[in-house]
Amino acid sequence: MVTRSQSCAAGAGSRGKGEEPAPPRNQEVAAEERKNHMPVKRQRKAERLHVSYEASDGGKSEAADPLAVTVWEPQEWRQQLANIRIMRSRKDAPVDQLGAEHCCDPSAPPKVQRYQVLLALMLSSQTKDQVTAGAMQRLRAQGLTVDSILQTDDNTLGKLIYPVGFWRSKVKFIKQTSAILQQRYDGDIPASLAELVALPGVGPKMAHLAMAVAWGTVSGIAVDTHVHRIANRLRWTKKMTKSPEETRAALEEWLPRELWSEINGLLVGFGQQICLPIHPRCQACLNQALCPSAQSF
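Quick caveat, the model's predicted, so the values are computed rather than measured.

## Here's the deal with the overall build of the chain
Turning to step 1, where the next piece is worked out: For the chain, the helix and strand inventory stands at 14 helices and 0 strands.
Turning to step 2, where the next piece is worked out: Its helices and strands in sequence order give the chain the pattern α-α-α-α-α-α-α-α-α-α-α-α-α-α, from N to C terminus.
Turning to step 3, where the next piece is worked out: Across the 297 residues in the chain, those meeting the buried criterion constitute 39%.
Turning to step 4, where the next piece is worked out: Of the contacts made within the chain by residues no fewer than 6 positions apart, 63% connect residues no fewer than 24 positions apart.
Turning to step 5, where the next piece is worked out: Carbon and sulfur atoms make up 52% of the accessible area of the chain, which amounts to about 18900 Å² in all.

## Here's the deal with the packing of aromatic side chains
Turning to step 1, where the next piece is worked out: Counting across every chain of the model gives 4 aromatic pairs.
Turning to step 2, where the next piece is worked out: Ring geometry for Trp 236 against Trp 254: centres 5.9 Å apart, planes inclined by 85 degrees, an arrangement best described as edge-to-face. Taken as a pair, Trp 236 in the loop between α12 (225-233) and α13 (244-252) and Trp 254 in the loop between α13 and α14 (260-273) lie far apart in primary sequence, 18 residues in all. In this pair, the class of Trp 236 matches that of Trp 254, namely buried.
Turning to step 3, where the next piece is worked out: Taken together, the ring pairs in this structure connect Trp 72, Trp 77, Trp 236 and Trp 254 into an aromatic cluster.

## So, the side chain of Ser 148
Turning to step 1, where the next piece is worked out: Mapped onto the secondary structure, Ser 148 falls in helix α7 (residues 146-150).
Turning to step 2, where the next piece is worked out: Take Ser 148: its relative accessible area is 17%, and that puts it in the buried class.
Turning to step 3, where the next piece is worked out: For Ser 148, the side chain forms a polar contact with the main-chain oxygen of Gly 143, separated by 2.3 Å.

## Regarding the environment of Ile 161
Turning to step 1, where the next piece is worked out: Looking at the secondary structure, you find Ile 161 in helix α8 (residues 154-161).
Turning to step 2, where the next piece is worked out: Once you skip the residues sitting within four places of it in the chain, Ile 161 turns out to touch Leu 123, Ala 135, Arg 138, Leu 139, Trp 167, Lys 170 and Val 171.

## Description of the state of the cysteines
Turning to step 1, where the next piece is worked out: Under the criterion given, the structure shown has 0 disulfides.
Turning to step 2, where the next piece is worked out: Counting only cysteine sulfurs, Cys 291 is the nearest neighbor of Cys 285, a cysteine outside any disulfide, at a range of 6.7 Å.

## Description of α12
Since the α-helix advances by 3.6 residues per turn, residues separated by three or four positions end up pointing in the same direction.
Turning to step 1, where the next piece is worked out: Along α12, 8 of the 9 residues are buried, which leaves the element largely enclosed by surrounding structure.
Turning to step 2, where the next piece is worked out: If you check which residues of α12 are buried, you get His 226, Val 227, His 228, Arg 229, Ile 230, Ala 231, Asn 232 and Arg 233.
Turning to step 3, where the next piece is worked out: The inward-facing, buried residues of α12 contact α13 and α14.
Turning to step 4, where the next piece is worked out: One side-chain oxygen at the N-terminal end of α12 lies 3.1 Å from the backbone nitrogen of His 226; it belongs to Asp 224.

## Describing the side chain of Ser 178
Turning to step 1, where the next piece is worked out: Looking at the secondary structure, you find Ser 178 in helix α9 (residues 167-184).
Turning to step 2, where the next piece is worked out: Here Tyr 115 takes part through its side chain, which lies 2.7 Å from a polar atom of the side chain of Ser 178.
Turning to step 3, where the next piece is worked out: Within polar-contact distance, the side chain of Ser 178 engages the backbone oxygen of Ile 174 at 2.7 Å.
Turning to step 4, where the next piece is worked out: Look past the residues within four positions of Ser 178 in its chain and what remains in contact with it is Tyr 115, Val 146, Ile 149 and Leu 150.

## Concerning the packing of helix α5 (residues 110-124) against α9
Turning to step 1, where the next piece is worked out: For the pair α5 and α9, interaxial distance at closest approach is 11 Å and the crossing angle is 155 degrees. Comparing the axis directions of α5 and α9 gives the class roughly antiparallel. Both α5 and α9 take part in a crossing whose hand is right-handed. Contacts between α5 and α9 involve Tyr 115, Leu 118, Leu 119, Met 122, Leu 123 and Ser 124 from the first element and Lys 170, Phe 173, Ile 174, Thr 177, Ser 178 and Leu 181 from the second.
Turning to step 2, where the next piece is worked out: Counted by class, the contact of α5 with α9 contains 8 nonpolar, 3 polar and 1 charged residues.

## Examining empty space enclosed by the protein
Take a probe with the size of a water molecule and roll it over the atoms, and the empty space left behind shows itself.
Turning to step 1, where the next piece is worked out: Evaluated as defined, the whole model comprises 2 cavities of 30 Å³ or more.
Turning to step 2, where the next piece is worked out: Estimated volume of the largest cavity: approximately 130 Å³.
Turning to step 3, where the next piece is worked out: Along the wall of the largest cavity there are 16 residues; nearest its centre are Phe 270, Cys 275, Cys 282, Cys 285 and Cys 291.
Turning to step 4, where the next piece is worked out: Tallied by class, residues from the lining of the largest cavity come to 11 nonpolar, 3 polar and 2 charged.
Turning to step 5, where the next piece is worked out: Each pocket or cavity is described by its volume, and for the second largest cavity that value is around 40 Å³.
Turning to step 6, where the next piece is worked out: Its residues placed into classes, the lining of the second largest cavity shows 4 nonpolar, 4 polar and no charged.

Definitions and limits used
Residues numbered from 1 in each chain as written. Predicted model: local features only at pLDDT ≥ 70, side-chain atom pairs only at ≥ 80, totals over all residues. Heavy atoms only, no water. Helix = DSSP H or I, 4+ residues; strand = E, 2+ residues; numbered from the N terminus. Buried < 20%, exposed > 50% of the residue type's maximum accessible area, 1.4 Å probe, protein only. Contact = heavy atoms within 4.5 Å. Areas by Shrake-Rupley, 256 points an atom, 1.4 Å probe, with all protein chains shown as cover. Phe/Tyr/Trp six-rings, centres within 6.5 Å; stacked < 30°, edge-to-face > 60°. Polar contact = N/O pair within 3.5 Å; in protein donor to acceptor, adjacent residues only side chain to side chain. Disulfide = S-S within 2.5 Å. Axes fitted to C-alpha atoms, helices over the stretch in contact; angles between N-to-C directions. Parallel < 35°, antiparallel > 145°, perpendicular 65-115°, else oblique. Left-handed = near helix turned anticlockwise from the far one by under 90°. Nonpolar A, V, L, I, M, F, W, Y, C, P; charged D, E, K, R; others polar. 1 Å grid on protein atoms, 1.4 Å probe; cavity = no way out; pocket = protein on both sides within 12 Å on 5 of 7 lines; lining within 4 Å. Points joined across faces, edges and corners; volume = space filled by probe spheres on them.

Structure below.
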């Protein structure tokens with residue numbers, strides 16, 4: 001390939017001293033020569049991609065070392081968790097006796113039990129466990145099934161669930177969800193997270209708990225206000241999170257999956273008894289020396 005610099009050098013060397021300059025060329029010839037000497041655009045050199053493979057004997061090959069990724073995890077989290085387990089060993093928090101799994105009728109058919117679990121979770125949003133349990137007791141006394149709820153007028157349903165938080169909205173959501181369950185699921189609840197969160201009035205926390213309690217499937221960490229608050233106080237997230245759903249994503253990045261099913265009930269009870277929203281009982285907490293937020297109260 002002839003480059004422009006080479007062309008110029010060749011032209012300069014072809015004329016000796018004293019030689020007359022070449023006669024002028026017409027415009028058409030000059031344009032053709034310029035076209036022939038246009039620089040060729042070079043292709044970018046492809047970057048080399050380094051790929052590591054696992055050795056056939058199950059061990060890691062040497063090439064895998066550069067790609068090794070260290071997963072972030074909080075300092076002292078294992079000791080903090082062990083201490084919380086000790087503080088929760090008596091299982092005497094409200095959630096231990098009045099949680100959603102305790103609000104359904106154990107003698108009812110499995111399909112009805114699953115429906116009652118879902119309703120208890122819908123009622124529990126922004127509501128104390130004691131209030132939720134009372135509402136569920138009144139509903140069960142009327143015969144708590146999909147059909148019975150759809151046959152109950154809104155005014156009566158509102159009186160039965162009052163004073164749960166946002167009870168007027170929950171009357172509407174319960175009726176809408178019950179109608180969907182009757183039409184699409186033969187009165188049962190969906191067995192997938194995506195279908196559960198698509199139901200009116202069912203959020204991610206409720207859906208994850210429904211999957212765990214009703215179906216025995218761990219689909220993710222159920223994060224409510226207690227788990228959200230405690231995870232931030234203990235710095236169990238890389239940065240402070242602003243919502244329970246953001247906290248859930250942050251926890252699932254590092255917390256071993258085998259702990260996902262345990263963490264909700266453990267931290268909820270801990271938040272109800274010791275790590276209170278206002279005026280936490282830090283003096284009674286075994287994590288006082290390990291908690292980054294202890295000095296703030």
